[in-house]
Amino acid sequence: MKKLISAAVALSLTGFVGMASARDYINVVGSSTVYPFATVVAEQFGKTSKFKTPKIESTGSGGGLKLFCAGVGVEHADITNASRRIKKSEVERCAGNGINDIIEVKVGYDGIALANSKAAPQFSVTRKDIFLALAKEVPDPKASESGRLVANPYQTWKEVNASLPDMAIEVLGPPPTSGTRDAFAELAMEGGCKKIGWIKAMKKKDKKMYKSICHTVREDGKYIEAGENDNLIVQKLEANKGALGVFGYSFLDQNSDKVQGSLVDGVAPTFELIADGSYPVSRPLYFYVKKAHVGKIPGINEYLAEFTSDKAWGDEGYLADKGLIPMPTEERKAFKSDVDGLKNLNL
Amino acid sequence: MNKQQQQQHERSMSRVEKGLARRYRQERNFKRLGLGAILMGLLFVSFLFISIFANGYTAFQQTFVKLDVFYDPEVIAPVGETDPDVLSAGHYGGLVKATMRELFPSVTNRRDKKKLYGLISTGAAFQIRERVMQDPSVIGQRESIWVPADDDVDMLIKGHIDLSLPESDRRIKDDQLSWIQGMQEDGRVEKRFNTTFFAAGDSREPELSGIKGAAVGSFFTLLICLAISFPVGVAAAVYLEEVAPKNRWTDLIEVNINNLAAVPSIVFGLLGLAVFINFFGLPRSVPLVGGLVLALMTLPTIIIASRVALKSVPPSIREAALGVGASPMQTITHHVLPLALPGMLTGTIIGMAQALGETAPLLMIGMVAFIVDIPGGAMDPSAVLPVQIYLWADSPERAFVERTSAAIMVLLVFLISMNLLAVWLRKKFERRW
């Protein structure tokens, strides 16, 4: 009896290990911003090819790269999505774990919208306004060229810029763990911060200080961290007419009957204006492929072919229908040929 | 009774009477407070149920469109072709588009055509492909079939799109509206029971998404969880209650079990990540790991419930069994355990219901993932019901709102029926001594 039980246990354990050593589906991890696009491709791929549908986990860009760089082998992810470019430190981490060959694929662009309820007037702000309204410390309003910083004193948009409505500053946005927040800080806030001469000059002298001034969001309740769920922000905007929300373009696109995007530097967040690069708060989206897994895990080549096909990421492709802003034709062609040739990432 | 005593008695009586009204009032207020608490609870529960139901009941219906498809041999495969590889490679999307063009011959401009094709779900092409694969003899013939409409059309038919808004703010444009109305007049648009919702896995197209994948994933996860936590939990409870000596060590173990029952569930997820995935190398996102993690989480609940059940078996039963010569093991297996089993099962079912609704520990082990294929076993990647709800709640498409609520309703049905089963078991087998 005892022997039988121990034999059964041993058998089932080896069974698990045996099953773990073979994987017939692609394992994708990474950014929650790329997730809605990658899942559409995966589903299409699963339905039209003889391969299984890839499994896609939404772990955030940083979390995804951490899993991706953990090592080579079936227990590790094959592809990671990222809403920012891979960092040098991450490439080194990958190399430390034996991952030397990574293929970089740029998917397209994503606009970050600053939106409010349709019931309220549309905003038209500059990036400098955004910085002044949301930064933790701003140049002293009494002597803005003095190089002195004070805790953000602005309570209403009108105080920030006389042309803006007399409404209390209230912005709902993602928490610091989010890639959207990183991009918002980098593109919108830093973009506005750079407009202030003496802060810009600081970039060369003290980069760390510069970054901390430009990227630190105020914590006195004017910027409200509303969680990673963009739908929730849209719902809150509907209920709270005086508030603005920060979220990705695809949510603006799907909820255009409820919320309107604010003009940033005079440009509205529309599909065309993000695509041609005139909307200032947009960022590229990427995914990274582990070359060592190509050929080992069935279907990676075909998945890449599906993702980089014109019917997916093209101007009229199904990803554009889901709110992805496609790259210009030339850029698409370049990345497509990189993918076909499995060209290595070169930072 | 002398006079003084009488006076004293009257004084105290008057004091009592003076306070009586106040005491009655306090009594009434006390009752009202309790009743108020119950009513408040009921109000919140009914508010929750009504809002979920109001949001979600429309998801059980789906809009379908009737198409007269010509199975064009030039697009699919020659008549008489039976090779599945050739059949599956046919350009079925083109077939749907051709049918739509036939229906609205006046649409010629490329942009308008795209809008026209957008009325039909991308699932239509797969449905037609399946039809042809099943019965290749339809090639070359014409047939009327009902295919799912796009989610935006579905939202329009269900009245979730406000037509008073300007065209640019609507997902359905004016010309699309006129096409839909044209089809409606022809009797080509119909709301039907949404079988896809119960038969499909996850999808990024709301009209093609379903909860079966998540339900099957939940089933495997709970199966693993039950297979581990029930025997281990009962064995631990029997040992602690019937066999173990009462000393400092068993006291310490008891305190720790009670502590474990109060540990936040995410901690078990972290433990599972460290032990099962990082150390034992089990794959992420599989029900096996999910079940193991949830088993750890439910173990304390089961042990505590089982110990209470064992405690409630009167000592006279044990003494009688031992007195007629049963061994301690026979006493436990023949008498104590069967009598305590209903209580143990009740505790187990409540623990399982808790596990069914758990999301946090599963986040850590990668069960929050987009999985289309329905899992075939405990080693296939899968999601579970609460995770599916979480994923849908985070999707941009409007049609996922109602599906989120519908999935909550399904989860609630499971939870309520499990709890009812527990109540029924208790009522049926409960014995008072």
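Predicted model, so just to flag it, every value in this text is computed and none were measured. (Residues numbered from 1 in each chain as written. Chains lettered and ligands numbered in written order. Predicted model: local features only at pLDDT ≥ 70, side-chain atom pairs only at ≥ 80, totals over all residues. Heavy atoms only, no water.)

### Thoughts on the overall build of chain A
A tally of regular secondary structure across chain A gives 16 helices and 13 strands. Within chain A, residue pairs in contact and separated by at least 24 positions form 72% of the contacts whose partners lie at least 6 positions apart. For chain A, the accessible area works out to roughly 14,800 Å², and carbon and sulfur atoms hold 55% of it. Across chain A, 46 positive and 42 negative side-chain charges occur, with their mean positions spaced 5 Å apart. (Helix = DSSP H or I, 4+ residues; strand = E, 2+ residues; numbered from the N terminus. Contact = heavy atoms within 4.5 Å. Areas by Shrake-Rupley, 256 points an atom, 1.4 Å probe, with all protein chains shown as cover. Lys, Arg positive; Asp, Glu negative; His and termini not counted. Charge placed at Lys NZ, Arg CZ, Asp CG, Glu CD.)

### Thoughts on the packing of helix H12 (residues 287-311) of chain B against helix H14 (residues 328-356) of chain B
Residues and elements named next belong to chain B. Two numbers describe how H12 lies on H14: the axes approach to 8 Å, and their chain directions differ by 150°. When the interaxial angle is binned, H12 and H14 end up roughly antiparallel. Crossing angle aside, the handedness with which H12 passes H14 is right-handed. Of H14, the residues touching H12 (which contributes Leu294, Met297, Thr298, Thr301, Ile302, Ala305, Ser306, Ala309 and Leu310) are Val336, Leu337, Ala340, Gly343, Met344, Gly347, Thr348, Gly351, Met352, Gln354 and Ala355. Looking at the contact of H12 with H14 residue by residue, the class counts come to 12 nonpolar, eight polar and no charged. (Axes fitted to C-alpha atoms, helices over the stretch in contact; angles between N-to-C directions. Parallel < 35°, antiparallel > 145°, perpendicular 65-115°, else oblique. Left-handed = near helix turned anticlockwise from the far one by under 90°. Nonpolar A, V, L, I, M, F, W, Y, C, P; charged D, E, K, R; others polar.)

### Quick look at the nonpolar core
One finds Trp157(A), Tyr303(A) and Leu319(A) to be the most contacted residues of the largest nonpolar core, which totals 139 residues. Sort the elements by how many residues they give to this core and helix H17 (residues 399-429) of chain B lands first, with 10 residues. In contact with Tyr303(A), other than residues within four places in its own chain, are Ile26(A), Val28(A), Ala38(A), Val41(A), Ala42(A), Phe45(A), Pro54(A), Ile56(A) and Ile79(A). In this structure, Phe104(B), Ala125(B), Ile128(B) and Trp179(B) belong to the second largest nonpolar core, which totals 37 residues. (Core = buried A, V, L, I, M, F, W, Y, C linked by side-chain atoms within 4.5 Å. Buried < 20%, exposed > 50% of the residue type's maximum accessible area, 1.4 Å probe, protein only.)

### Quick look at the environment of Thr308(A)
All names here are of chain A. With respect to the helices and strands, the residue Thr308 is situated in the loop between helix H13 (300-307) and helix H14 (310-313). Remark: the alpha-carbon pair of Thr308 and Val107, spanning 201 residues in sequence, is separated by 8.0 Å. Those residues in contact with Thr308 that lie beyond four places of it in its chain are Val105, Trp313, Lys336 and Val339. At 2.7 Å, the side chain of Thr308 and the backbone oxygen of Leu304 are in polar contact. (Polar contact = N/O pair within 3.5 Å; in protein donor to acceptor, adjacent residues only side chain to side chain.)

### A short note on the interface of chain A and chain B
Every contact between the two is made by 36 residues of chain A and, on the other side, 36 residues of chain B. Both sides together, the interface formed by chain A and chain B hides about 3,400 Å², and carbon and sulfur atoms give 47% of it. Taken together, chain A and chain B are joined by seven salt bridges. Measuring nitrogen to oxygen at the nearest pair gives 2.7 Å for the salt bridge that ties Glu57(A) to Arg284(B). Looking at the side of chain A that touches chain B, the elements that each hand over two or more residues are helix H1 (2-20), helix H2 (35-48), strand E2 (55-57), helix H10 (230-239) and helix H11 (249-254) of chain A. Among the elements that make up the side of chain A that touches chain B, the one with the highest residue count is H2(A) (eight residues). Class assignment of the residues belonging to the side of chain A that touches chain B gives a composition of 11 nonpolar, 11 polar and 14 charged. Sheet topology note: the E2(A)/strand E4 (residues 369-370) of chain B ladder contains two bridges and is antiparallel. Its bridge partner lying in E4(B), Glu57(A) is registered against Ala369(B). (Buried area = accessible area lost by both parts, 1.4 Å probe. Salt bridge = Lys/Arg side-chain N within 4 Å of Asp/Glu carboxyl O. Pairing = 2+ DSSP bridges.)

### Brief notes about empty space enclosed by the protein
Tallied over the full model, the rule gives four cavities of 30 Å³ or more. Contributing to the lining of the largest cavity are Gln254(A), Asp257(A), Asp152(B), Met155(B), His160(B), Ile161(B), Asp162(B), Leu165(B), Asp169(B), Arg170(B), Arg171(B) and Arg398(B). Here the residues of the lining of the largest cavity are counted per class, giving three nonpolar, two polar and seven charged. (1 Å grid on protein atoms, 1.4 Å probe; cavity = no way out; pocket = protein on both sides within 12 Å on 5 of 7 lines; lining within 4 Å. Points joined across faces, edges and corners; volume = space filled by probe spheres on them.)

### A few points about the pattern of salt bridges
Residue and element names in this part refer to chain A. Enumeration according to the criterion identifies 41 salt bridges over all chains in this entry. The partner of Glu90 in a salt bridge is Arg84, with the nearest N and O atoms 3.0 Å apart. According to the relative accessible area criterion, Glu90 is buried, its value standing at 10%. Under the relative-accessibility criterion, Arg84 is labelled partly exposed at 21%.

### Description of the sheet that holds strand E1 (residues 61-70) of chain B
All names here are of chain B. Within the open sheet, the three strands sit side by side as E2-E1-E3. Their pairing is antiparallel. Two strands lie at the open edges of the sheet, namely strand E2 (142-148) and strand E3 (189-193), each paired on one side alone. Here the strands of the sheet are splayed against their neighbours by 40° on average, with no regard to which way each runs. Of the pairings in the sheet, the one linking E1 to E2 comprises seven bridges and is antiparallel in character.

### Topic: the state of the cysteines
All names here are of chain A. In this structure the tally under the stated criterion is two disulfides over all chains. Put simply, Cys69 and Cys94 are joined by a disulfide, and their sulfur atoms are 2.0 Å apart. Here the disulfide of Cys69 and Cys94 is left-handed, its torsion about the S-S bond being about -75°. With a gap of 25 residues between them, Cys69 in the loop between helix H3 (61-68) and strand E3 (79-82) and Cys94 in helix H4 (residues 88-96) connect regions that are remote in the sequence. With respect to burial, Cys69 and Cys94 carry one shared label: buried. Shown here is the disulfide that connects Cys193 with Cys214, its sulfur atoms set 1.9 Å apart. Because the torsion about its S-S bond is -65°, the bridge between Cys193 and Cys214 counts as left-handed. One end of the pair, Cys193, is in helix H7 (residues 179-193); the other, Cys214, is in helix H9 (residues 207-215), with 21 residues separating them in the sequence. Classification of Cys193 as buried rests on a relative accessible area of 0%. On the basis of relative accessible area, Cys214 is assigned to the buried category, the value being 0%. (Disulfide = S-S within 2.5 Å.)

### Some words on the environment of Leu48(B)
With respect to the secondary-structure elements, Leu48(B) resides in helix H1 (residues 3-56). In this structure, the C-alpha to C-alpha distance between Leu48(B) and Pro287(B), residues 239 residues apart in sequence, is 30 Å.

### Concerning the packing of aromatic side chains
All names here are of chain B. Summed over the entire model, instances satisfying the criterion amount to 18 aromatic pairs over all chains. Taken together through their ring pairs, the aromatic side chains of Phe60, Phe193, Phe197, Phe198, Trp392 and Phe400 make up a single cluster. One cation-aromatic arrangement involves Arg192 over Phe64; the distance from NZ or CZ to the ring centre is 5.6 Å. The lysine or arginine in question, Lys428, covers the ring of Phe429, its NZ or CZ lying 5.8 Å from the ring centre. (Phe/Tyr/Trp six-rings, centres within 6.5 Å; stacked < 30°, edge-to-face > 60°. Lys NZ or Arg CZ within 6 Å of the ring centre and 35° of its normal.)

### Focus on the layout of surface pockets
The calculated volume of the second largest pocket comes to roughly 1,000 Å³. Those elements that provide at least two residues to the lining of the second largest pocket are H2, H3 and H11 of chain A together with helix H15 (360-364) and helix H16 (385-393) of chain B. By residue class, the composition of the lining of the second largest pocket is 15 nonpolar, 16 polar and 10 charged.

### Considering the domain arrangement of chain A
Residue and element names in this part refer to chain A. Examined at the domain level, chain A breaks down into domain 1 (25-109 + 284-340) and domain 2 (111-282). The straight-line distance from the C-alpha centre of domain 1 to that of domain 2 is 30 Å. Across the contact, 11 residues belong to domain 1 and 10 residues belong to domain 2. Taken as a group, Tyr109, Gly323 and Ile325 account for 45% of the area that domain 1 buries against domain 2, more than any other trio of residues on that side. For the pair domain 1 and domain 2, the interface holds zero salt bridges. Joining domain 1 to domain 2, the criterion identifies zero residue pairs in polar contact (both at pLDDT 80 or more). Partitioning the side of domain 1 that touches domain 2 into residue classes produces five nonpolar, four polar and two charged. (Domains from an automatic or database assignment.)

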